Amino acid sequence: MNGKFISIEGIEGAGKSTQISFIRDFLEARGKRVVVSREPGGTELGEQIRALLLAPRKTGMSEDTELLLMFAARAEHIHQIIKPSLERGDWVLCDRFVDATFAYQGGGRGIDRDRIQTISDWTLKGIQTDLTLLFDLPVAVGQSRVVKRQQQKDRFEQEKAVFFERIRNCYLQRAEMEPERIKLIDASRDIESIQDQLSTILTELLSA
Ligand code: TMP
């Protein structure tokens, strides 16, 4: 693999979208070809799976179905976009990747971590991010930002604060366990401070 793989993580309202544009511009200005994508989604089939996962439904969705659909979309994304892009030498900037599954389906829904790890090993086949940027902020702050968006809440956004507290804790634990790969960004600060930190982290990765 010649390119580098970066994922962006965090609970709802962490401000990922704004920072993704900044990161893309930063890398492109330094001569990198950047493929921006997202999960669940990123391919035609993956976007259809995303719609199934996010649509609120009266009958709900079992935890295992949710987990397997996340990995189904991911398998397609790796096959069609991530692996070929990295092999070409492009940089892949992905809004969420497998850490989201450990945080949401593991921490949030309570699915056993080892089960997720087994499916992850099987699906990822050695692909992992070179860098994961975890945008962390208090759940209440994230939720107030989501409310301001004024669009209909998706199936995840409709969950209660305790669900997001579990997700946040799981993300933070993962960042503690893998400090080299997962960099913690305090997303409650102003945009300039966040982007200063991002510049430092990205400069380090560019020279690695
Ligand atoms: P987004 O709103 O950040 O685009 O992500 C869509 C939702 O999907 C978000 O609530 C997080 C959730 N999600 C999971 O639960 N597990 C996963 O593996 C991924 C990639 C996303």
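Residues numbered from 1 in each chain as written. Predicted model: local features only at pLDDT ≥ 70, side-chain atom pairs only at ≥ 80, totals over all residues. Heavy atoms only, no water.

Caption draft 1: Just the site of the ligand, in detail. Around the ligand, 13 residues are found, and the nearest of them are Lys16, Arg50, Arg96, Thr101 and Gln105. The separation between an oxygen atom of the ligand and a polar side-chain atom of glutamate 12 is 2.9 Å. The contact in question runs from an oxygen atom of the ligand to an N or O atom on the side chain of arginine 74, over 3.1 Å. With four residues, helix H4 (residues 98–108) is the largest single contributor of residues to the shell around the ligand. Among the residues making up the shell around the ligand, the classes are represented as five nonpolar, two polar and six charged. (Near = heavy atom within 4 Å. Polar contact = N/O pair within 3.5 Å; in protein donor to acceptor, adjacent residues only side chain to side chain. Helix = DSSP H or I, 4+ residues; strand = E, 2+ residues; numbered from the N terminus. Nonpolar A, V, L, I, M, F, W, Y, C, P; charged D, E, K, R; others polar.)

Caption draft 2: The nonpolar core, seen in detail. Of all hydrophobic cores here, the largest spans 42 residues; its most connected members are Ile6, Ile23, Tyr104, Leu133 and Phe135. Residue contributions to this core peak at six residues, all from helix H7 (residues 161–177). One finds Leu67, Cys94, Val98 and Ile127 within the second-largest nonpolar core, a separate group that totals 16 residues. (Core = buried A, V, L, I, M, F, W, Y, C linked by side-chain atoms within 4.5 Å. Buried < 20%, exposed > 50% of the residue type's maximum accessible area, 1.4 Å probe, protein only.)

Caption draft 3: Up close: H4. Of all eleven residues in H4, eleven are buried, a share of seventy percent or more. Residues of H4 that are buried: Val98, Asp99, Ala100, Thr101, Phe102, Ala103, Tyr104, Gln105, Gly106, Gly107 and Gly108. Elements in contact with the buried residues of H4: strand S1 (5–9), helix H3 (63–88), helix H5 (113–124), strand S4 (131–136), H7 and strand S5 (182–186). Trailing H4 by a residue or two, glycine 110 shows a phi angle of about 90°, which is positive. (Contact = heavy atoms within 4.5 Å.)

Caption draft 4: Main features of the packing of H3 against H4. Across the interface, H3 lies against H4 with an axial gap of 11 Å and an inter-helix angle of 175°. By the angle between their axes, H3 is roughly antiparallel relative to H4. Between H3 and H4, the contacting residues are Glu66, Leu67, Met70, Phe71 and Arg74 on the first element and Val98, Thr101 and Gln105 on the second. Partitioning the contact of H3 with H4 into residue classes produces four nonpolar, two polar and two charged. (Axes fitted to C-alpha atoms, helices over the stretch in contact; angles between N-to-C directions. Parallel < 35°, antiparallel > 145°, perpendicular 65-115°, else oblique.)

Caption draft 5: Region of the structure containing the environment of leucine 54. Within the fold, leucine 54 resides in helix H2 (residues 44–54). By relative accessible area, which is 16% here, leucine 54 ends up buried. Non-local contacts of leucine 54, meaning those with residues more than four positions away in its chain, are made with Asp154, Arg155 and Phe156.

Caption draft 6: Spatial organisation of unusual backbone geometry. Residue glutamate 39 is joined to proline 40 through a cis peptide bond whose omega torsion reads -10°. With respect to the helices, strands and loops of the structure, proline 40 is situated in the loop between strand S2 (34–38) and H2. Positive phi, close to 80°, is recorded for arginine 96, a residue that is not glycine. Mapped onto the secondary structure, arginine 96 falls in the loop between strand S3 (91–95) and H4. We note that lysine 125 has phi near 45°; this positive angle belongs to a residue other than glycine. Residue placement: lysine 125 occurs in the loop between H5 and S4.

Caption draft 7: Here's a closer look at the pattern of salt bridges. This model, assessed by the stated rule, comprises 16 salt bridges. One salt bridge connects aspartate 90 with arginine 88, and the closest N-O pair in it is separated by 3.1 Å. As a salt-bridge pair, glutamate 159 and arginine 109 come within 2.8 Å of each other at their nearest N and O atoms. A residue pair is termed long-range when its members are at least 10 positions apart, and glutamate 159 in the loop between helix H6 (139–149) and H7 and arginine 109 in the loop between H4 and H5 qualify at 50 residues. Because the salt bridges share partners, they merge into one network encompassing Glu66, Arg109, Arg155 and Glu159. (Salt bridge = Lys/Arg side-chain N within 4 Å of Asp/Glu carboxyl O.)

Caption draft 8: Expanded view of the packing of aromatic side chains. Evaluated as defined, the whole model comprises six aromatic pairs. When the centroid spacing of 4.8 Å and the interplanar angle of 70° are considered together, the rings of phenylalanine 5 and phenylalanine 97 count as edge-to-face. Of this pair, phenylalanine 5 sits in strand S1 while phenylalanine 97 sits in the loop between S3 and H4, and the two are 92 residues apart along the sequence. This pair shows no difference in class: phenylalanine 5 is buried, exactly as phenylalanine 97 is. With centroids separated by 5.2 Å and ring planes inclined at 80°, the aromatic side chains of phenylalanine 163 and phenylalanine 164 adopt a geometry described as edge-to-face. Of the residues examined, phenylalanine 163 reaches a relative accessible area of 2% and is grouped as buried. What makes phenylalanine 164 buried here is its relative accessible area of 2%. Aromatic ring contacts, followed pair by pair, group Tyr104, Phe156, Phe163, Phe164 and Tyr171 into a single cluster. Looking at arginine 155, its charged tip hangs above the ring of phenylalanine 156, at a distance of 5.1 Å from the centre. (Phe/Tyr/Trp six-rings, centres within 6.5 Å; stacked < 30°, edge-to-face > 60°. Lys NZ or Arg CZ within 6 Å of the ring centre and 35° of its normal.)

On their own, these measurements won't tell you what the molecule is for.
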